[in-house]
Amino acid sequence: MNNKTVSVYSDEEFNTQGLSDAVKSKNGRRSIFLPLVFSVIAAFVFWLVVVWGNNTCSGIPVQVLGNDQLMSNNFTISSIEPANVDLVLRGKGEVIDRIMQDQSLVGAFVNVFDPGSSDALFESADEIKEGKYTVALDVTLPDGVSCSTKSVTITVEKASHKEFSTTLAGTNKEDDVRLNMSNYSFANGISLDRQTVVEENITVIGDEKTLAQVDHIALNIDWLKDLTGDATVYVTPVACDRFGDEIESRFLRFEPATLEVNIKVNKYKYVLLSAKAPAEDDGAYSLSQTGVGVIGPVFEVDRIPDVIEVEVSQDIRLQDYTIYSRDLGSGVRFITDEGERAELTVTAEKKSTLVKLNLLVKTQNMLIVPPSSGSYSLDKDRITVQIEYYPLVTDAKKLTDENLIVTLDLSDLKEGQTQVEARVGFINAQDISGAKVIEVEKLTVTLTSDPQIENPES
């Protein structure tokens, strides 16, 4: 006998569609409902990933239109919140993918002033007032794509201005306007001369709180090259605080918006010096220095020859000549041990055939200073004087003994024999240079005392 257990079910526990459907218990209903819930949750999560992940453009900067017009009416935007927005995109997947790769395809704008435009915050100057305003963004997107609407809060304040002088720009690191040059080098022989800003002043316009932080204006010049000559560059000013940090300037206006900066450089060159005598002067000249350094504008220095000729003409052996740097070019200076100079003095020495002579001078033609007492006698009646000199002209007459002054000083002579050398000088020797005595023949002088005179009364 088979024993069976029979369970009794209510009508609600039967599926009315027939015997082919299973009888549903509580466990059976749970096994079907849970997977359905999980599927819905998974689909929702997937939707969130698609919408908030791949379809979201993050950090799109909000651009403000019309602030310059506000400033022209003595108002300005001082802040915008948020300054960058996230946009959830909807549309064609391939277009959205392209936007994700290049977010510059998306633009977010807010128009604060546009006369006669209903899309602007202010349509006329009479409407402008200080305060905080909530403004809807105008978003530009490629065709086939849309996004959620966004609003930003704009603060409008009275505009003020602050003026900075460019007079000392580039010369003083603590000045109102500071030139900062970077990423440059100088070609061989080139050096920085000066930096000048064409505009004399620069005005910064903005709200008072921001202007109070502005300590100075920086002009940052990034050359990325070698400087081989003068250059001009147009620089956008940057507002900086007292620590040198850049101040957010999207709502500042600079007048002028760009400044013209002229960079002047110098070029150095070493040139030789050479004496140039007139054609009729057959003398040979040499200069006290063979060369000199010059510095100045590149164009002017490049025109200076490698050898500078100094025009000389003289009737004496040595003579100074002054060279002026302005004659070499505008802005050119000489480089000397004392620094930069506008003029240079060189000494020219006239060289010619050296004349050497042995002249005989008679003792009777000498100027003799006698001894204080006693008598003297000389061992010869003439001496030889050897001289040399440079004639300054080709037809110069040779010197003779008449051009010599010979002095024999016996005033301190003592009794006995003494060798004495005469002193020699030159007279009437205009056509010579560098005359000097090489050797003078000595005389032997004998000094005797005067004889005693006997007294007749003795």
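Residues numbered from 1 in each chain as written. Predicted model: local features only at pLDDT ≥ 70, side-chain atom pairs only at ≥ 80, totals over all residues. Heavy atoms only, no water.

Among the surface-exposed residues, Asp-119, Glu-123, Asp-126, Glu-127 and Asp-138 lie close enough to one another that they form a single negatively charged patch. One can find Glu-127 in the loop between strand S4 (107-111) and strand S5 (131-136). For Glu-127, a relative accessible area of 37% puts it in the partly exposed group. (Patch = residues over 30% accessible without salt bridge, like charges linked within 9 Å, V, L, I, M, F, W, Y side chains within 5 Å. Areas by Shrake-Rupley, 256 points an atom, 1.4 Å probe, with all protein chains shown as cover. Salt bridge = Lys/Arg side-chain N within 4 Å of Asp/Glu carboxyl O. Lys, Arg positive; Asp, Glu negative; His and termini not counted. Charge placed at Lys NZ, Arg CZ, Asp CG, Glu CD. Helix = DSSP H or I, 4+ residues; strand = E, 2+ residues; numbered from the N terminus. Buried < 20%, exposed > 50% of the residue type's maximum accessible area, 1.4 Å probe, protein only.)

Taken as a whole and assessed by the stated rule, the structure comprises two aromatic pairs. Their ring planes at 85° and their centres at 5.3 Å tell us that Phe-122 and Tyr-133 sit as a pair that is edge-to-face. Residue Phe-122 is found in the loop between S4 and S5, and its partner Tyr-133 is found in strand S5; the two are separated by eleven residues along the sequence. Judged by its relative accessible area of 3%, Phe-122 is buried. Plain terms: the ring middles of Tyr-184 and Phe-186 are 5.5 Å apart, the flat faces sit at 70° to each other, and that makes the pair edge-to-face. Directly above the ring of Tyr-324 sits Arg-326, whose terminal nitrogen or CZ lies 4.5 Å from the centroid. (Phe/Tyr/Trp six-rings, centres within 6.5 Å; stacked < 30°, edge-to-face > 60°. Lys NZ or Arg CZ within 6 Å of the ring centre and 35° of its normal.)

This part is about the confidence of the model for the chain. When pLDDT is averaged along the chain, the result is 84; 86% of the residues meet or exceed 70. For the chain, helix H1 (residues 26-54) is the element with the lowest average pLDDT, namely 55, and strand S18 (residues 291-296) is the one with the highest, namely 96. The low-confidence segment residues 1-26, where pLDDT is below 50, has eight contacts with residues more than four positions distant or belonging to other chains. The model gives residues 46-53 a pLDDT under 50, and that stretch makes six contacts with residues more than four places away or in other chains. (pLDDT = per-residue confidence, 0-100. Contact = heavy atoms within 4.5 Å.)

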